[in-house]
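One-letter residues, chain by chain:
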Amino acid sequence: DFFDKIFYPYKTIYLSKARHFIPIVLRQHHLTRGDTIFTIPYSSHCVLSSIGMQATPITQVDQTVIDASIVFHQYGKKEVVDNLKYPNVILEDSVDSIILDSSENSIFPNNPDYAIISLPKILPVPFGGIMICRNNEDYGDIYDIVQKEKSVSSDFPLKLFLNNHYLREAILSEFKRV
């Protein structure tokens, strides 16, 4: 409710990490391993891993067909992209940028269905991420997915990331050392 008031008229969903929304959004758009998702070349490893849980991340625009794009706004600068070069923008990631107003142009400058904000990068908090949903139907769909995942496991973020092969291997290697 707190973030819903700030970003009214849009609905928000809170999770422990903003990056946990990425595979959910990709799944919501029926994007799978064979689909390529463009993201900026200087994307963090956690973002690339989050994309890789559901689809194939790419960081260069060349002859590769781009099935969807994730646009980053960094250091407070809104990145407005050429929709012909970067088609099907499905998510705006505000990384470390504070959104100061709830206007559509401020939150969704590239016309996607969702925007995410990582709270520890803009506030003195240890964790937290919010997703701002452009329309109520998408909000309901994402909310249902999050609730279903939570009901399967009380530790939703852990369940999401343990599906990542590399993370599983890293955790297993730590246990083998002990």
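Shown above is the structure to which this text applies.
Residues numbered from 1 in each chain as written. Predicted model: local features only at pLDDT ≥ 70, side-chain atom pairs only at ≥ 80, totals over all residues. Heavy atoms only, no water.

Caption draft 1: Focus on the nonpolar core. Counting 28 residues, the largest nonpolar core has Ile 22, Leu 26, Ile 37, Leu 91 and Met 131 as the members making the most contacts within it. Looking at this core element by element, the count peaks at five residues for helix α2 (residues 21-28). (Core = buried A, V, L, I, M, F, W, Y, C linked by side-chain atoms within 4.5 Å. Buried < 20%, exposed > 50% of the residue type's maximum accessible area, 1.4 Å probe, protein only. Helix = DSSP H or I, 4+ residues; strand = E, 2+ residues; numbered from the N terminus.)

Caption draft 2: Structural view of the sheet that holds strand β7 (residues 129-133). Pairing is mixed in the open sheet, where seven strands are placed in the order β1-β7-β6-β5-β4-β2-β3. Bordering the open sheet on either side are β1 (11-15) and β3 (56-58), each of which pairs with just one other strand. For this sheet, the mean angle separating the axes of adjacent strands, direction not counted, is 25 degrees. Pairing between strand β2 (residues 36-38) and β3: three bridges, direction parallel. Within β3, the residue paired with Ile 37 across the bridge is Pro 57. Contacting β2, β3, β4 (68-72) and β5 (89-93), helix α3 (residues 45-52) runs over the sheet at an angle of about 140 degrees to β3. (Pairing = 2+ DSSP bridges. Axes fitted to C-alpha atoms, helices over the stretch in contact; angles between N-to-C directions. Contact = heavy atoms within 4.5 Å.)

Caption draft 3: Representation of the layout of surface pockets within the structure. Counted as a void, the largest pocket has a volume near 270 Å³. Lining of the largest pocket is provided by 19 residues; of these, Ser 44, Cys 46, Val 47, Ser 118 and Lys 121 occupy positions nearest its centre. Each residue belonging to the lining of the largest pocket can be placed in one class, and the counts come to 10 nonpolar, five polar and four charged. In this structure, the second largest pocket spans a volume of roughly 220 Å³. Looking at the second largest pocket, it is lined by 16 residues, and the ones nearest its centre are Phe 38, Ile 40, Glu 79, Val 81 and Tyr 86. Across the lining of the second largest pocket, the residue classes break down as 11 nonpolar, three polar and two charged. (1 Å grid on protein atoms, 1.4 Å probe; cavity = no way out; pocket = protein on both sides within 12 Å on 5 of 7 lines; lining within 4 Å. Points joined across faces, edges and corners; volume = space filled by probe spheres on them. Nonpolar A, V, L, I, M, F, W, Y, C, P; charged D, E, K, R; others polar.)

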